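Chain by chain, the residues run as shown.
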Amino acid sequence: MLTLIYNGDIRTMDDRQPRAQAALIENGRFAFVGGLKAARVELARRGETAREIDLEGRLTLPGFNDSHMHFIHFAKGLMSVDLSGAQSIAEIQARMKKGLEQGLAPEGIWLEGEGWNQDYFTQGEKRFPNRADLDAVCPDKPMMIMRACFHIGALNSAALKALNITRETAPQYGGLAGIGPDGEPDGVIRESLLDDTKAQISSLNLETMKQIILAAQQKALAQGITSIQSDDVGYTPQADYNLLFEAFAQLEAQGKLQIRLSEQCLLQKPELIEEFLDAGYGRWGSRWFRPSCVKLLADGSLGARTAALRRPYQDDPSTTGLEMFTQAQLNELVLTCQRRNMPAAIHAIGDRAVEMAMDAIENAQLLCPQYRPRHGVVHCQITDQALLRRFRQLDVLAFVQPIFIDYDMRICRDRVGEELTASSYAWRSLYENGVHVSLGTDCPVEKFDTMPNLYCAVARKNVAGGEKQTFLPQEALTMEQALKCYTVEGAYASGEEEEKGSISPGKLADFIVLDRDLFSIPEEEILQTKVLQTWVEGQLRYRL
């Protein structure tokens with residue numbers, strides 16, 4: 001039977017027909033989009049009846065597509081100690097102690113906590129927690145706590161011992177393993193060492209992974225998210241992507257997947273990329289789950305001062321951040337992807353990292369012009385005008401996270417100076433210059449909430465805090481632009497724009513119904529807007 005949705009303000013995100021009153025759904029896809037009278041004419045022509053759904057005049061949109069997050073990490077984080085909003089190291093210690101007492105980490109499992117940010121500490125020093133701080137909670141149970149950016153972590157003595165990070169071995173990690181004044185490891189770990197540790201200590205198996213996926217997908221549906229592009233390989237035991245793909249394959253076979261996932265696969269060596277593609281994963285998948293690109297980490301985060309800058313940090317001239325690859329190494333990685341017609345999505349926050357990403361992409365395009373995979377830069381926060389122009393010149397995608405400005409507006413000028421700040425977080429400039437810009441949250445770096453993300457995109461104001469500040473207002477997206485970036489541009493970013501992203505005939509019937517009209521309400525009301533219904537392939541999967 002067909003389904004008729006009608007009496008709605010359907011904003012299609014399709015320029016050929018921007019608005020509609022009604023749509024017909026057949027076999028999980030839109031069969032007709034237009035006026036109600038025309039829809040009934042189409043039904044009569046077919047000689048069929050339809051189940052009718054009254055949208056009650058509500059704003060109806062394509063389902064949101066979060067173009068970059070860490071879904072398995074988010075799901076697994078539901079079992080970790082929540083350290084977000086902690087105002088001191090003492091509060092972190094108290095929360096970790098409570099998690100230990102609650103039995104969050106059974107025998108043989110590390111106790112993990114995540115979400116702290118030293119810039120939010122209002123009591124004591126604004127510094128990274130360290131080994132001594134965690135040993136004061138418990139020195140014998142391996143513990144790891146991760147900063148909100150997930151580029152910095154801290155270990156206790158038991159964890160350092162388990163990883164064999166000692167006075168003798170710590171120097172081999174360079175600046176990735178912190179060393180105290182006494183020459184002993186201080187417990188602070190960074191970047192790739194933190195990533196390797198997460199994979200090494202993961203307690204997930206096939207069944208627990210399936211369970212947390214099902215729990216997390218309900219939270220996605222409640223936010224109006226029907227598609228996700230996610231970096232998950234590093235959060236599986238020993239970075240076992242076969243286990244990850246098997247979990248999703250089994251859930252799909254059982255008919256339990258209700259959101260669509262495109263994997264941004266973290267593969268940091270050319271031989272790992274070749275092995276992955278030789279195994280057939282470049283062509284593997286379905287409309288529910290598939291790899292869409294290779295993920296590369298070129299630098300760290302602005303908050304941790306590990307984002308790679310061309311010049312020293314203004315508030316710490318001793319560092320320019322961390323370059324995770326040499327230019328030659330990054331060139332080789334991107335060229336490996338190019339030669340296999342596989343997109344590379346490069347995490348690059350600092351202007352030096354963005355420059356390196358552009359150079360690597362340009363090199364690959366020149367050496368292997370017969371293929372045109374859709375390479376992209378993830379985050380692309382600190383930029384100058386020349387870098388912004390290169391996005392369009394090289395046809396590079398921009399995976400941006402508007403919610404980042406909620407925090408970064410407080411630190412950006414201190415970190416990089418007024419002049420460079422003025423040309424950064426330049427989403428409207430990119431969009432209006434013809435760059436494909438898609439929106440994501442980077443969850444669990446930020447919360448899995450769509451409306452604060454949308455609010456920051458169009459209002460350019462902070463969500464948290466009492467006093468509202470506006471950050472680079474000239475770069476605010478219009479509501480229409482922001483919604484396109486959250487829907488059809490997200491689909492383009494994963495190479496699926498013919499399948500989803502707009503309410504158009506032939507596309508998958510993934511759509512949402514909201515309680516307010518985002519096009520007419522005051523900006524502040526965006527934050528109060530709720531998703532009333534989420535539909536996937538014409539089936540109601542969430543109702544408020």
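Keep in mind that what you see is a predicted model, and the values were worked out from it rather than measured. (Residues numbered from 1 in each chain as written. Predicted model: local features only at pLDDT ≥ 70, side-chain atom pairs only at ≥ 80, totals over all residues. Heavy atoms only, no water.)

Caption draft 1: Just the layout of surface pockets, in detail. Estimates place the volume of the largest pocket at around 1,100 Å³. Lining the largest pocket are 44 residues, with S84, P444, V445, E446 and K447 positioned closest to its centre. Residue assignment for the lining of the largest pocket shows that the elements contributing at least two residues are helix 2 (71-77), strand 9 (81-82), strand 10 (111-116) and helix 13 (405-416). Per-element tally for the lining of the largest pocket: the top contributor is helix 13, with four residues. Classifying every residue of the lining of the largest pocket gives 20 nonpolar, 13 polar and eleven charged. Space inside the second largest pocket adds up to approximately 810 Å³. Forming the boundary of the second largest pocket are 33 residues, of which S192, D195, D196, L266 and Q268 lie nearest the centre. When contributions to the lining of the second largest pocket are tallied by element, the ones reaching two or more residues are helix 6 (191-201), helix 9 (270-278) and strand 17 (289-297). In terms of residue count, the dominant contributor to the lining of the second largest pocket is helix 6 (seven residues). (1 Å grid on protein atoms, 1.4 Å probe; cavity = no way out; pocket = protein on both sides within 12 Å on 5 of 7 lines; lining within 4 Å. Points joined across faces, edges and corners; volume = space filled by probe spheres on them. Helix = DSSP H or I, 4+ residues; strand = E, 2+ residues; numbered from the N terminus. Nonpolar A, V, L, I, M, F, W, Y, C, P; charged D, E, K, R; others polar.)

Caption draft 2: The arrangement of the packing of aromatic side chains in detail. Applying the stated criterion across every chain yields a total of 18 aromatic pairs. A centroid spacing of 5.8 Å and a plane angle of 80° characterise the contact between W284 and F289, whose relative ring orientation is edge-to-face. Using a relative accessible area of 1% as the deciding quantity, one classes F289 as buried. The rings of Y241, F245, F248, F276, Y281, W284 and F289 are connected pair by pair, giving a single aromatic cluster. Just above the ring of W427 sits the side chain of R460; from NZ or CZ to the centre is 4.2 Å. (Phe/Tyr/Trp six-rings, centres within 6.5 Å; stacked < 30°, edge-to-face > 60°. Buried < 20%, exposed > 50% of the residue type's maximum accessible area, 1.4 Å probe, protein only. Lys NZ or Arg CZ within 6 Å of the ring centre and 35° of its normal.)

Caption draft 3: Examining the sheet that holds strand 21 (residues 437-439) more closely. With parallel pairing, eight strands are arranged side by side in an open sheet as 8-15-16-17-18-19-20-21. Strands with a single pairing partner mark the edges of an open sheet, and in this sheet they are strand 8 (64-69) and strand 21. Adjacent strand axes in the sheet meet at a mean angle of 25° when their direction is disregarded. The pairing of strand 18 (residues 344-348) with strand 19 (residues 376-379) spans four bridges and is parallel. Bridging from a neighbouring strand, A348 pairs with H379 of strand 19. Those strands touched by helix 11 (residues 351-367) are strand 18 and strand 19, and its axis lies near 160° from that of strand 18. (Pairing = 2+ DSSP bridges. Axes fitted to C-alpha atoms, helices over the stretch in contact; angles between N-to-C directions. Contact = heavy atoms within 4.5 Å.)

Caption draft 4: Main features of the pattern of salt bridges. This structure, assessed with the given rule, holds 44 salt bridges. As a salt-bridge pair, R46 and E48 come within 3.8 Å of each other at their nearest N and O atoms. Residue classification places E48 among the partly exposed positions, given a relative accessible area of 36%. The salt bridge involving R428 is made with E432; its shortest N-O contact spans 2.7 Å. One end of the pair is R428 and the other is E432, both in helix 15 (residues 427-432) and four residues apart, which spans about a single turn. The exposure class assigned to R428 is partly exposed, which follows from its relative accessible area of 25%. Connected via shared salt-bridge partners are R310, E323, D351, R352, E355 and D384. (Salt bridge = Lys/Arg side-chain N within 4 Å of Asp/Glu carboxyl O.)

Caption draft 5: Structural view of unusual backbone geometry. Of note, the amide linkage connecting C443 to P444 takes the cis form, showing an omega dihedral of 10°. Tracing the backbone through its elements, the reader meets P444 in the loop between strand 21 and helix 16 (450-459). Phi is positive for D442, close to 60°, though the residue is something other than glycine. With respect to the helices and strands, the residue D442 is situated in the loop between strand 21 and helix 16. By relative accessible area, D442 is classed as buried at 5%. Here L472, not a glycine, exhibits a phi torsion of approximately 50°, which is positive.

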